[in-house]
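In case you want the letters, here they are:
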Amino acid sequence: MATTALMGAFALTLAGCASGSDDDASAEPSDEMSPTAEATADAMEGEGLPDSLTLALVPSDEVDQITTDGEALASSLSDELGIPVEVFVPDSYSAVVVALQTGQADIGFLGPIAMVQAENEAGAEIVLQAVRYGSSEYVGQWLTNDPDTYCMDDVTTEADEDGVNYSYCNGATGGSGPAGADALAEIDPSTDIAFVDESSASGYYFPATQLADILGIDPLVDLTNTQFAGGHPQAVQAVYDGDATIGISFNDARTALAEEFPDVGEQVVVFAYTSNIPNDGVVVSGDLSDEAQQMITDGLMAIAETEDGAAALAAVYEIDGLDPANQDAFDNTVRPVEETFGE
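Below or above, wherever it landed, is the structure these notes cover. (Residues numbered from 1 in each chain as written. Predicted model: local features only at pLDDT ≥ 70, side-chain atom pairs only at ≥ 80, totals over all residues. Heavy atoms only, no water.)

This part is about the overall build of the protein chain. Of regular secondary structure, the protein chain possesses 13 helices and 16 strands. Looking at the protein chain as a whole, 51% of its 343 residues are labelled buried. Summarising the internal contacts of the protein chain: among those between residues at least 6 apart in sequence, 78% fall at separations of at least 24. Accessible surface, the protein chain as shown: approximately 15,200 Å² in total, 43% of it carbon and sulfur. (Helix = DSSP H or I, 4+ residues; strand = E, 2+ residues; numbered from the N terminus. Buried < 20%, exposed > 50% of the residue type's maximum accessible area, 1.4 Å probe, protein only. Contact = heavy atoms within 4.5 Å. Areas by Shrake-Rupley, 256 points an atom, 1.4 Å probe, with all protein chains shown as cover.)

The next point concerns the environment of Val236. Within the secondary structure layout, Val236 lies in helix H9 (residues 232-240). With 29 residues separating them along the chain, Val236 and Gly265 place their C-alpha atoms 9.7 Å apart. Non-local contacts of Val236, meaning those with residues more than four positions away in its chain, are made with Leu143, Ser249, Ala253, Arg254, Leu257, Val264 and Val268.

This part covers the state of the cysteines. With the rule as written, the count across this model stands at one disulfide. Linked covalently through their sulfurs, Cys151 and Cys169 form a disulfide whose S-S length is 2.1 Å. In this structure the cystine formed by Cys151 and Cys169 twists about its S-S bond by roughly -75°; its chirality is therefore left-handed. Within this pair, whereas Cys151 is found in the loop between helix H5 (147-150) and strand S8 (156-159), its partner Cys169 is found in the loop between strand S9 (165-168) and helix H6 (181-184), the two being separated by 18 residues in sequence. Of the two residues, Cys151 and Cys169, neither departs from the other in class, the shared state being buried. (Disulfide = S-S within 2.5 Å.)

Among soluble globular proteins, nonpolar side chains are generally buried collectively. Among the nonpolar cores identified, the biggest contains 82 residues, and Phe109, Phe271 and Leu300 are the most heavily contacted of them. At seven residues, the largest contribution of residues to this core is made by helix H7 (residues 201-215). Grouped together as the second largest cluster of nonpolar side chains are 17 residues, Leu143, Val239, Ala258 and Val268 included. (Core = buried A, V, L, I, M, F, W, Y, C linked by side-chain atoms within 4.5 Å.)

Time to look at the pattern of salt bridges. One pass over the full model with this rule turns up four salt bridges. Between Asp252 and Arg254 there is a salt bridge, with the nearest N and O atoms lying 2.7 Å from each other. In terms of burial, Asp252 and Arg254 fall into one category: buried. Measuring nitrogen to oxygen at the nearest pair gives 2.3 Å for the salt bridge that ties Arg335 to Asp331. Note that Arg335 and Asp331 are positioned in helix H13 (residues 327-341) at a spacing of four residues, about one turn of the helix. Among the residues examined, Asp331 registers a relative accessible area of 41% and is labelled partly exposed. Three or more residues joined by partner-sharing salt bridges are found here, namely Glu119, Asp331 and Arg335. (Salt bridge = Lys/Arg side-chain N within 4 Å of Asp/Glu carboxyl O.)

Given below as structure tokens:
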């Protein structure tokens, strides 16, 4: 029987409140206004921004911390746009989608699957993607403690700048996929696999879809010995501890355990990659005008170039920068996966 553990999607309380009008909410133009704020002021009598905006953030840390960091981000955006921006911290991606659907949020930072769900269910517009380490894409990696079975070639080991060794095979290195399809074909659906959780793009949706395509199975029915570890480092540790033969994580989650377990990079071998996955990013409410959506998009990109805005983005989700959303990547990779797992 499967040992599936249903995901709790962050057992956290609601922080913040929905957007609303305020008698003092609109900002008058001044000599110090940014170009985005000047455009906002010019458009206030037309189809520009509302009196205030609400920014929805899903906790990746303690709710108090994400609220504090989010308020700094909201403050930077408020200065850029010239109107108040409030922070709303619900307890899950799905709650952000509902908030966008019901008018409780105007802007949402979401994972790629949830971005498509917000588009489908709330009419939101996908506008931006996070940039990390110079890229707006990443991969899910397949891990094993049984390289004799799943490495079709020799295991290669490389040391990072700290001298920690990391092993891989089947060409699964460099952070660009897919790789290791022949090895994935060797997986029996009854193999014990540690996924991350049921809402993770790189830790469940994409690898499960990849395996289903290779084996010709229904991942929701035929993978009979899976577990959800609850986090990327936890999935790595399940393989390291021998609680699972195969695990999934983002590339390269092994580093999170290297200080505590210096040999984790050698004992847990990366043997395959998913296809490239668009990073998490930003959606805006479809109830806003095209003009307002563009102002918000431009405003977020502008603050990403400022010292305070960049620091706030880094604090909230370790974001290095923001790029316009790659709609082709969403069309070709994210939307087909969402169709498999979406409700």
